[in-house]
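Listed below are the residues making up each chain.
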Amino acid sequence: MGRSYVDFWINLDEEVDQSEMLSEIRKLGFRRVVVSSMDKARLEEFKKLGESFGVEVYGKIVLVPEDRPALLKDLRSRRGEYEVVSVICNNLEVALTSARDSRVDTVIFPPGKKFRIDKGVAAVIKNSIELPFRWLVDETTRREFIRLAFEVVNHLFGKTSIIVSSSASRPLELRSPFELSSLLEVLGLDRNVALDSVSTIPGRIIETNLLKLSPSYVARGVLRVG
Amino acid sequence: MVKRKKRYIIVETSSNIPLDVFRKLVEKSYLELFGEFGLIQANVKVVKKIDSTFVLECSHGSVPKLILSLSSITRLEEGAIRFRVVKIAGTVKKVREIIVGE
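Overview of the structure.

Reading the values: rules and limits
Residues numbered from 1 in each chain as written. Chains lettered and ligands numbered in written order. Predicted model: local features only at pLDDT ≥ 70, side-chain atom pairs only at ≥ 80, totals over all residues. Heavy atoms only, no water. Helix = DSSP H or I, 4+ residues; strand = E, 2+ residues; numbered from the N terminus. Rg over C-alpha atoms; globule rule 2.2 N^0.38 Å. Buried < 20%, exposed > 50% of the residue type's maximum accessible area, 1.4 Å probe, protein only. Contact = heavy atoms within 4.5 Å. Areas by Shrake-Rupley, 256 points an atom, 1.4 Å probe, with all protein chains shown as cover. Pairing = 2+ DSSP bridges. Axes fitted to C-alpha atoms, helices over the stretch in contact; angles between N-to-C directions. Polar contact = N/O pair within 3.5 Å; in protein donor to acceptor, adjacent residues only side chain to side chain. Buried area = accessible area lost by both parts, 1.4 Å probe. Salt bridge = Lys/Arg side-chain N within 4 Å of Asp/Glu carboxyl O. Nonpolar A, V, L, I, M, F, W, Y, C, P; charged D, E, K, R; others polar. Core = buried A, V, L, I, M, F, W, Y, C linked by side-chain atoms within 4.5 Å.

Things to note about the overall build of chain A
Helix and strand counts for chain A come out as 10 helices and nine strands. Its C-alpha radius of gyration of 17 Å places chain A within 12% of the 17 Å reference for a compact globule of 226 residues. For chain A, the spread of C-alpha atoms along the principal axes amounts to about 45 × 40 × 35 Å. Burial status across chain A gives 54% buried among its 226 residues. Intrachain contacts of chain A at a sequence separation of at least 6 include 69% that bridge at least 24 residues. For chain A, the accessible surface area stands at approximately 10,600 Å², while carbon and sulfur atoms represent 51% of it.

In structure tokens:
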């Protein structure tokens, strides 16, 4: 059986033709997408429309906290509402907290970050790292993003998993799984490992979280049966 | 001398553009990301154009680099443009089969 590809971040904050977006997603070969939107009604509408296109849609919240208390407060209040939680880390304090908090699924480092990813971060990291492809496409952030991607692959590959998402907000910004995974291939990873970043790794996170959100879930490793 | 392996990349564009413009765009993008040495090593050539589909030839080892360069192209003058990699093939015969089959 072939791989089931997942686009781990599609940004629906802007007004777009949802049918066009979904048909493009399907054409590119994705079966599952994770969508972030401030407007919950739009997210629900997209989920319903996704069914008719044969695309599974999951909700995602992207947190941009200023410090550790703000991050913990956001996580306490919003974790149960979305299938996936990602944190954009603008400082080291937030990065170190979100890297090891089990309520966070992916950690995103912005291109112009003011801290280094080194052994200290590598020692505590438990969650996956997400690399949004849009920052490579955007010429203003491209150089910083490539530097960041190099840092991530050099220091964190093998210690945690890496996910590449499109973070597209328009159909033209969407990229196919092979295009997304080519970033990691160019950075020196094996082709199959690179393809895992757009298929099995995000797929596993979704499945784990669906289980966590189900009513039969009691605690880690404990499920109510019957 | 060992024969260098080639790969053919079939690319679909969101709008119909002339072959020269396409070649310049691809070369510029590759040059920006991987430099002069990279571009020469990749040996990128535009083999064919059929409507809005192009066939590119490159060295075997440069395929991911070329795909990355193609996907980082977003603008053509003032308009937006996107290139979609349809398929990668090892022989011209296979390319023909794919294009006929589409």
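Description of the sheet that holds strand 5 (residues 106–108) of chain A
All names here are of chain A. Reading across the sheet, the seven strands line up as 1-2-3-4-5-6-7 and stay open at both edges, with parallel pairing between neighbours. Single-partner strands in this sheet number two, and they are strand 1 (5–11) and strand 7 (162–165). With direction set aside, neighbouring strand axes in the sheet form an average angle of 30°. Relative to strand 4 (residues 84–88), strand 3 (residues 56–63) runs parallel, the two being bridged by four bridges. Its bridge partner lying in strand 4, Lys 60 is registered against Val 84. Where helix 8 (residues 177–186) meets the sheet, it contacts strand 1, strand 2 (30–36), strand 6 (128–132) and strand 7, and its direction lies at approximately 135° from that of strand 7.

Quick notes on the side chain of Ser 86 of chain A
Residue and element names in this part refer to chain A. Along the chain, Ser 86 falls in strand 4. A polar atom in the side chain of Ser 86 sits 3.2 Å from the side chain of Lys 60. In contact with Ser 86, not counting residues within four places along its chain, are Lys 60, Ile 61, Val 62, Leu 63, Thr 106, Ile 108 and Glu 130.

Here we look at the environment of Gln 18 of chain A
Residues and elements named next belong to chain A. Inspection of the secondary structure puts Gln 18 in helix 1 (residues 18–28). When its relative accessible area of 9% is taken as the criterion, Gln 18 is described as buried. Between the alpha carbons of Gln 18 and Ala 122 there is a distance of 39 Å; along the sequence they are 104 residues apart. Ignoring sequence-local partners within four residues, the contact set of Gln 18 consists of Leu 12, Arg 42, Glu 45, Phe 46 and Leu 49.

Points about the interface of chain B and chain A
Reports of interface size often rely on the accessible area that becomes lost once the parts have come together. Contacts between the two partners involve 18 residues from chain B, matched on the other side by 18 residues from chain A. Interface area for chain B against chain A, summed over the two sides, is near 1,600 Å², with a carbon-plus-sulfur share of 62%. Taken together, the connections running from chain B to chain A amount to two salt bridges. Measuring nitrogen to oxygen at the nearest pair gives 3.0 Å for the salt bridge that ties Glu 32 of chain B to Arg 142 of chain A. Counting across the interface, chain B meets chain A through six residue pairs in polar contact (both at pLDDT 80 or more). Sorting elements by how many residues they give to the side of chain B that touches chain A places helix 2 (residues 63–71) of chain B first, with five residues. Of the residues belonging to the side of chain B that touches chain A, the class tally is nine nonpolar, four polar and five charged.

Digging into the nonpolar core
Among the nonpolar cores identified, the biggest contains 62 residues, and Ile 25 and Phe 109 of chain A are the most heavily contacted of them. Examining the composition of this core, we find that six residues originate from one element, helix 7 (residues 142–156) of chain A, more than from any other. Leaving out residues up to four positions away in the same chain, Ile 25 of chain A has contacts with Ile 10, Phe 30, Val 33, Phe 46, Val 55 and Leu 174 of chain A. Counting residues in each nonpolar core, the second largest holds 22 residues, with Ile 17, Leu 56, Cys 58 and Ile 67 of chain B among its members.

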